[in-house]
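Commentary on secondary and tertiary structure
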Amino acid sequence: MIVSQRQNIAQWLALLLPAGLLGGALFSQYVLGLAPCEMCYWQRWPHWAAIALGAAGLIALPRVPGLARFLGLAAALAIAASGLIGAFHAGVEYGWWQGFTECTSGVAGASSEDLMKSIMNAPLVRCDQPQWTLFGISLAGFNFLISLGGALLIGLLLRAPARTDRTIAG
């Protein structure tokens, strides 16, 4: 079976990009001690799915290139979904919009009992407070940028092959 070099690169990218992003998230959590919030976990689920789809696409690539292309595009969509969740999370962190989870709770109520209840029910890790930034971009913001850029690149690589594509015999 003949596989285009673009498709081969796209399939590897569909596996390695989410694996790298998840590896970075786990490293920051378990080595650097940055505790993830609820929305941080939401961003991880699509990456897990993308890893499974990317691995399945690599397995299918030499045997059924059409299926591999479909799985690669599905992985790209999962990666993009994580990026969109990251965009929403970053917007919550930057105060552009209100989060709709309990991890963005503020102090509510006027009575001391309501105040104490708000304090006791406050999340340990808030979604609206970035724990780390670089150049003003939070980890959620980086997930958005890298995931959407990577998903776009995978999609472009998996578009209909051009006549000038080099092929790899498999």
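Anyway, here's the lowdown on the structure attached to this text. (Residues numbered from 1 in each chain as written. Predicted model: local features only at pLDDT ≥ 70, side-chain atom pairs only at ≥ 80, totals over all residues. Heavy atoms only, no water.)

Another point: the environment of Gly 141. For Gly 141, the position within the fold is in helix H5 (residues 139–157). Remark: the alpha-carbon pair of Gly 141 and Gly 83, spanning 58 residues in sequence, is separated by 8.4 Å. (Helix = DSSP H or I, 4+ residues; strand = E, 2+ residues; numbered from the N terminus.)

Two numbers describe how helix H1 (residues 5–30) lies on H5: the axes approach to 9 Å, and their chain directions differ by 170°. With respect to each other, H1 and H5 are oriented roughly antiparallel. Together, Arg 6, Gln 7, Ile 9, Ala 10, Leu 13, Ala 14, Leu 17, Leu 21 and Ser 28 of H1 and Leu 139, Asn 143, Ile 146, Ser 147, Gly 150, Ala 151, Leu 153, Ile 154 and Leu 157 of H5 make up the contact between the two elements. (Axes fitted to C-alpha atoms, helices over the stretch in contact; angles between N-to-C directions. Parallel < 35°, antiparallel > 145°, perpendicular 65-115°, else oblique. Contact = heavy atoms within 4.5 Å.)

Let us look at the packing of helix H2 (residues 38–60) against helix H3 (residues 65–93). Here H2 crosses H3 at 165°, and the two axes come no closer than 8 Å. Comparing the axis directions of H2 and H3 gives the class roughly antiparallel. For the pair H2 and H3, the sense of crossing is left-handed. Tallied by class, the residues present in the contact of H2 with H3 amount to 21 nonpolar, seven polar and no charged. (Left-handed = near helix turned anticlockwise from the far one by under 90°. Nonpolar A, V, L, I, M, F, W, Y, C, P; charged D, E, K, R; others polar.)

All right, on to the environment of Arg 6 then. Mapped onto the fold, Arg 6 is located in helix H1. Spatially, the C-alpha atoms of Arg 6 and Leu 157 are 5.3 Å apart, while their sequence positions differ by 151 residues. A distance of 3.5 Å separates a polar atom in the side chain of Arg 6 from the backbone oxygen of Leu 157. (Polar contact = N/O pair within 3.5 Å; in protein donor to acceptor, adjacent residues only side chain to side chain.)

A few words now on the layout of surface pockets. Computed from the structure, the largest pocket encloses a volume of approximately 570 Å³. Lining the largest pocket are 32 residues, and of these Ala 25, Ser 28, Cys 40, Leu 139 and Ala 140 sit closest to its centre. At the level of secondary structure, the elements contributing two or more residues to the lining of the largest pocket comprise H1, H2, H3 and H5. In terms of residue count, the dominant contributor to the lining of the largest pocket is H1 (six residues). A breakdown of the residues in the lining of the largest pocket according to their chemical character gives 18 nonpolar, 11 polar and three charged. (1 Å grid on protein atoms, 1.4 Å probe; cavity = no way out; pocket = protein on both sides within 12 Å on 5 of 7 lines; lining within 4 Å. Points joined across faces, edges and corners; volume = space filled by probe spheres on them.)

So, on to the side chain of Gln 11. The topology assignment puts Gln 11 in helix H1. Among the polar contacts made by the side chain of Gln 11, one reaches the main-chain carbonyl oxygen of Ala 68 at a distance of 2.6 Å. Once residues lying within four places of it in the same chain are set aside, the contact partners of Gln 11 are Gly 54, Gly 57, Leu 58, Leu 61, Ala 68, Arg 69, Gly 72 and Leu 158.

Turning our attention to the nonpolar core. Residues Ala 10, Ala 50, Ile 79, Ala 151 and Ile 154 are the most contacted members of the largest nonpolar core, which totals 13 residues. For this core, the elements supplying multiple residues, two or more each, are H1, H3 and H5. Considering each element in turn, this core owes the most residues, five residues, to H3. In this view, Ala 50 contacts Ala 14, Pro 18, Ala 75, Ala 78 and Ile 79; residues no more than four positions away in its chain are not counted. (Core = buried A, V, L, I, M, F, W, Y, C linked by side-chain atoms within 4.5 Å. Buried < 20%, exposed > 50% of the residue type's maximum accessible area, 1.4 Å probe, protein only.)

Within the secondary structure layout, Asn 143 lies in helix H5. A polar contact of 2.8 Å, which involves the side chain of Asn 143, links it to the side chain of Gln 43. Not counting residues up to four positions away in its chain, the partners in contact with Asn 143 are Leu 21, Gln 43, His 47, Ser 82, Gly 83, Gly 86 and Leu 148.

Applying the stated criterion to the full structure yields three aromatic pairs. On the numbers, 5.1 Å between centres and 50° between planes, the contact of Tyr 94 with Trp 96 is tilted. Residue classification places Tyr 94 among the partly exposed residues on the basis of a relative accessible area of 30%. Note on Trp 96: relative accessible area 59%, which makes it exposed. Of the aromatic side chains, those joined through ring pairs into one cluster are Phe 88, Tyr 94, Trp 96 and Trp 97. (Phe/Tyr/Trp six-rings, centres within 6.5 Å; stacked < 30°, edge-to-face > 60°.)

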